[in-house]
Amino acid sequence: MSYVQKVLDNLKKTNPNEPEFHQAATEILTSLEPMVNAHPEYEQAALLERFVEPERVVMFRVPWVDDNGKVQVNKGYRVQFNSAIGPYKGGLRFHPSVNLSIIKFLGLEQILKNSLTGLPIGGGKGGSDFNPKGKSDREVMAFCQSFMTELYRHIGADTDVPAGDIGVGGREIGFLFGQYKRIRDEHVGVLTGRGLSYGGSLARKEATGYGLVYITEEALKMRGDSFEGKTVVISGSGNVAIYACEKAQSLGAKVVAMYDSNGYIYDPAGIQLDVVKDIKEVKRGRIKEYADRVKGAKYTEGCQGIWTIPCDIALPCATQNEINKESAEILVKNGVKFVGEGANMPSTLDAIEVFQKAGVVFLPAKAANAGGVATSALEMAQSSGRLFWSFEEVDAKLKNIMVNIYHNMDNAAKKYGFEGNYVMGANIAGFEKVAEAMMAHGVV
Ligand code: NDP
Ligand code: 2IT
C-alpha cells in the first residue's frame, strides 16, 4: 500500500464521522501522490501524518441571552491547523450546519490555499453552529461578544488572525473586534475584513468574488477567450457571489441565475445586481423577492435546479457539495466549458471527475477563491505598516496574485505530467512551500 493510502486509511479510522474532512483529505492526498513519491524523505519524517493533524483544536461553550431574556448555548470552534509558513489565518463560519468535520475540512484546505497566495500565512478556521439569520443586531452582538470572550486568549495579530466566511460579514467582524479590543486593550490587526474606519482594507469586501473572476479570466485568456458575451450561472447570493457577479458583468458576461438556501432566480435578461444587493446586503432578505421586483425573472423553490440552466461558465459560490455528480453531468450536457469554485469544496469528488473527464476547465476552490484570504494578508500588511492603500493599488495586487496562482498551478500540473489538471496543480504548488518549511523546522 502506498504511503498516501496508509495515511488516508489511518485518518479515516482515527477521525470517524467526519465525512467532509475525509473528502477534503482524500482529494488533497491522492493528488499529492506523484510529488510525495518523488520525496521518499517525507515518509521517514511522517510529514503527511503531521500535515493532516491540526496543531491545535479549541472547542468551547458560547452562552448568550436572546431578546426574550432566555439563555442560549452554542458551540464554538477554532482549528489552528498549520503555522509552518505564517500565523494561522482563515475565516469564521456561523451556520447551523457547523461541526468539527466542516471546520477541519475548511482548515485543511486553507493551509494550501494560503500557501498558494505566495504570502506568509498559515492555515486555520473556526466558527459556530450559531445561526445569525433572523436574529436582531443585539442578539448577534451578544453572541459575538460571548464568542470572543473565549476566543481572544487563543488569537493575536502574530498568532492567529480570523476573518469572515458564511454568516460572518462586516457586522459580525465589527462586534468581534470591539470585544477583542476591549478585553486585550490592543488596537491591532487581529481580524481581517474590518471596517474601513478601524483598520480594514479597501477591496477586501470585493476580493473573493473579484479574484475568482480574475483567475477564470486568465484561464479564458490562455485559451484565446474572454468573459465577453458568456452566459454565467452563479450559486449563492452572499459576499462571494455578489462580487463575482459584479466583476463578471463588468467584463461583458451575462449572469442569468443566483440562489440562496431557499431557491433560485433565473433572469434571462441578466441579473440586476443592484436589486440583489438591496435584498441581500441592505435588507438581509430572501432572493425570492427579486422575482417580485424584476419583470421577466422567475423564482423556483429549491437550489439544485440552478445547475439545469445552460451556461458557458459556472461559478458555485455558496457552500460545500452543492454540485453533485448528477448536476455536473447536466452542466456538461448543456455545454459548460469553465467551472470556477468560489465556495470551498462546492463540487463532490465524483462531480470533479465528471468535469475533468469532459475536458471542462476546472479551477478548484483553493486556487479560485484565494483572492479573499490574499487580500486579508494585504490588510495585515497595511495594519502592521500603519498604511492605507487605495482601492486601485489593492485591486492590482489582488489581480496579480490570482494570475500568478493560475500559472503556478498550471506549471505544477505540467511538471508532474498532468497538464490541465488544476486539482493536482493547486495541491502540489500549495504543498511544496508548506512541506519545505515543515522539513526545515524539524520534528514539531
Ligand atoms: P455569505 O454568508 O455571505 O453567503 C452565503 C451564500 O450561500 C448565501 O446566499 C447563502 O444563502 C448560501 N448558502 C449557505 N449555505 C447554504 C446551503 N447549505 N445551501 C444553499 N445555499 C447556502 O458567505 P460567503 O459569500 O462569504 O461564502 C460563500 C462561500 O465562499 C463559502 O463556501 C465560503 O467558505 C467561501 N469563501 C468565502 C470567502 C470570503 O472571503 N467570504 C473566501 C473564500 C471562500 P442563505 O442566505 O439562504 O443562507
Ligand atoms: O475561505 C476563506 O478563504 C475565507 N473565508 C477567507 C479567510 C480570510 O482569512 O480572509
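Since the structure is predicted, the reported quantities are computational estimates derived from the model, not experimental observations.

Enquirer: Please explain the overall build of the protein chain as it appears in this structure.
Expert: Within the protein chain one finds 17 helices and 12 strands. Taken over the C-alpha trace, the protein chain has a radius of gyration of 21 Å; the compact-globule value for 444 residues is 22 Å, and the two agree within 12%. Counting only C-alpha atoms, the protein chain reaches 65 × 55 × 45 Å along its principal axes. Here the protein chain holds 444 residues, and the buried ones make up 57% of them. Expressed as a percentage of contacts within the protein chain between residues at least 6 apart in sequence, the contacts between residues at least 24 apart total 70%. Accessible area of the protein chain: about 17,300 Å², with a carbon and sulfur share of 51%. Seen as two clouds, the 50 positive and the 52 negative side-chain charges of the protein chain have centres 3 Å apart.

Enquirer: Would you explain empty space enclosed by the protein in this entry?
Expert: Where empty space is left in the structure can be found by rolling a water-sized probe over the atoms. Tallying each qualifying case throughout the model produces one cavity of 30 Å³ or more. Of the pockets and cavities examined, the largest cavity occupies roughly 50 Å³. Along the walls of the largest cavity sit Glu 27, Glu 109, Glu 341, Met 345, Ser 347, Ile 352, Pro 364, Ala 365 and Lys 366, which together make up its complete lining. Each residue belonging to the lining of the largest cavity can be placed in one class, and the counts come to four nonpolar, one polar and four charged.

Enquirer: Teacher, can you tell me more about a nonpolar patch on the surface here?
Expert: A contiguous nonpolar surface patch, about 250 Å² in accessible area, is contributed by Val 65, Val 71 and Val 73. Position of Val 71 relative to the elements: it lies in strand E2 (residues 71–82). Using a relative accessible area of 47% as the deciding quantity, one classes Val 71 as partly exposed.

Enquirer: Teacher, can you tell me more about the sheet that holds strand E7 (residues 254–259) here?
Expert: Strand pairing in a sheet is mediated by backbone hydrogen bonds. Such pairs are either parallel or antiparallel. Taking strand neighbours across the sheet as the criterion, the seven strands line up as E9-E8-E7-E6-E10-E11-E12 in an open arrangement whose pairing is mixed. The open sheet has two edge strands, strand E9 (298–301) and strand E12 (361–363), and neither has a second partner. When the angles between neighbouring strand axes are averaged without regard to direction, this sheet yields 15°. Of the pairings in the sheet, the one linking strand E6 (residues 231–235) to E7 comprises three bridges and is parallel in character. Looking across to E7, one finds that Val 233 is bridged to Ala 257.

Enquirer: Help me understand the side chain of Asn 82, please; the structure alone is not making it clear to me.
Expert: Relative to the helices and strands, Asn 82 resides in strand E2. A relative accessible area of 3% places Asn 82 in the buried class. For Asn 82, the side chain forms a polar contact with the main-chain nitrogen of Ala 84, separated by 2.8 Å. Filtering out sequence-adjacent residues up to four positions away, Asn 82 remains in contact with Phe 51, Glu 55, Tyr 88, Ile 111, Gly 122, Gly 123, Val 434 and Met 438.

Enquirer: What is the right way to read the site of ligand 1 from this model?
Expert: Residues in close proximity to ligand 1 total 27 residues, the closest being Asp 165, Thr 208, Ser 261, Arg 286 and Asn 344. Between Lys 133 and ligand 1, the recorded distance is 2.8 Å, taken from a side-chain N or O atom to an oxygen atom. One nitrogen or oxygen atom from the side chain of Arg 204 is found 2.9 Å from an oxygen atom belonging to ligand 1. When contributions to the shell around ligand 1 are tallied by element, the ones reaching two or more residues are helix H8 (204–221) and helix H9 (239–250). Its residues placed into classes, the shell around ligand 1 shows seven nonpolar, 12 polar and eight charged.

Enquirer: Explain helix H6 (residues 137–151) here, please?
Expert: An α-helical segment advances 3.6 residues per turn. Residues three or four places apart therefore align on the same side. Between the first and last C-alpha of H6 there are 20 Å, a value that for 15 residues agrees with the 21 Å anticipated at 1.5 Å per step. When we look at burial in H6, the residues that qualify are Glu 139, Val 140, Ala 142, Phe 143, Cys 144, Ser 146, Phe 147, Met 148 and Leu 151. For H6, the elements touching its buried residues are strand E1 (56–65), E2, strand E3 (88–94), strand E4 (122–128), strand E5 (160–163) and helix H7 (170–184).

Enquirer: Before we go on, may I ask you to explain the layout of surface pockets in this structure?
Expert: Roughly 460 Å³ of volume is contained in the second largest pocket. Classifying every residue of the lining of the second largest pocket by side-chain character gives 14 nonpolar, seven polar and three charged.

Enquirer: Just to check I follow, could you spell out the pairing of strand E8 (residues 263–266) for this structure?
Expert: Across three bridges, E7 lies against E8 in antiparallel orientation. Considered in E8, the bridge of Met 258 is made with Ile 265. Here E7 hands over to E8 after three residues, the two strands then running antiparallel side by side.

Enquirer: Please clarify how the sheet that holds E1 should be interpreted in this entry.
Expert: Sheet architecture is open: five strands sit in the order E1-E2-E4-E3-E5, paired in mixed fashion. Here the strands that pair on one side only, and so sit at the sheet edges, are E1 and E5. The mean inter-strand angle of the sheet, taken between neighbouring strand axes irrespective of direction, is 20°.

Enquirer: How do you make sense of the packing of H8 against helix H15 (residues 370–385) when you look at a structure like this?
Expert: Geometry of a packed helix pair, given as the angle between the helix axes and the separation of the axes. At their nearest, the axes of H8 and H15 sit 7 Å apart, and the two run at 145° to each other. Regarding H8 and H15, the two cross each other, and that crossing is right-handed. For the pair H8 and H15, the contacting residues are Arg 204, Ala 207 and Thr 208 in the first and Gly 371, Gly 372, Val 373, Thr 375, Ser 376 and Glu 379 in the second. Classifying every residue of the contact of H8 with H15 gives two nonpolar, five polar and two charged.

Scoring rules and cut-offs
Residues numbered from 1 in each chain as written. Chains lettered and ligands numbered in written order. Predicted model: local features only at pLDDT ≥ 70, side-chain atom pairs only at ≥ 80, totals over all residues. Heavy atoms only, no water. Helix = DSSP H or I, 4+ residues; strand = E, 2+ residues; numbered from the N terminus. Rg over C-alpha atoms; globule rule 2.2 N^0.38 Å. Buried < 20%, exposed > 50% of the residue type's maximum accessible area, 1.4 Å probe, protein only. Contact = heavy atoms within 4.5 Å. Areas by Shrake-Rupley, 256 points an atom, 1.4 Å probe, with all protein chains shown as cover. Lys, Arg positive; Asp, Glu negative; His and termini not counted. Charge placed at Lys NZ, Arg CZ, Asp CG, Glu CD. 1 Å grid on protein atoms, 1.4 Å probe; cavity = no way out; pocket = protein on both sides within 12 Å on 5 of 7 lines; lining within 4 Å. Points joined across faces, edges and corners; volume = space filled by probe spheres on them. Nonpolar A, V, L, I, M, F, W, Y, C, P; charged D, E, K, R; others polar. Patch = residues over 30% accessible without salt bridge, like charges linked within 9 Å, V, L, I, M, F, W, Y side chains within 5 Å. Salt bridge = Lys/Arg side-chain N within 4 Å of Asp/Glu carboxyl O. Pairing = 2+ DSSP bridges. Axes fitted to C-alpha atoms, helices over the stretch in contact; angles between N-to-C directions. Polar contact = N/O pair within 3.5 Å; in protein donor to acceptor, adjacent residues only side chain to side chain. Near = heavy atom within 4 Å. Expected span 1.5 Å × (residues − 1). Left-handed = near helix turned anticlockwise from the far one by under 90°.

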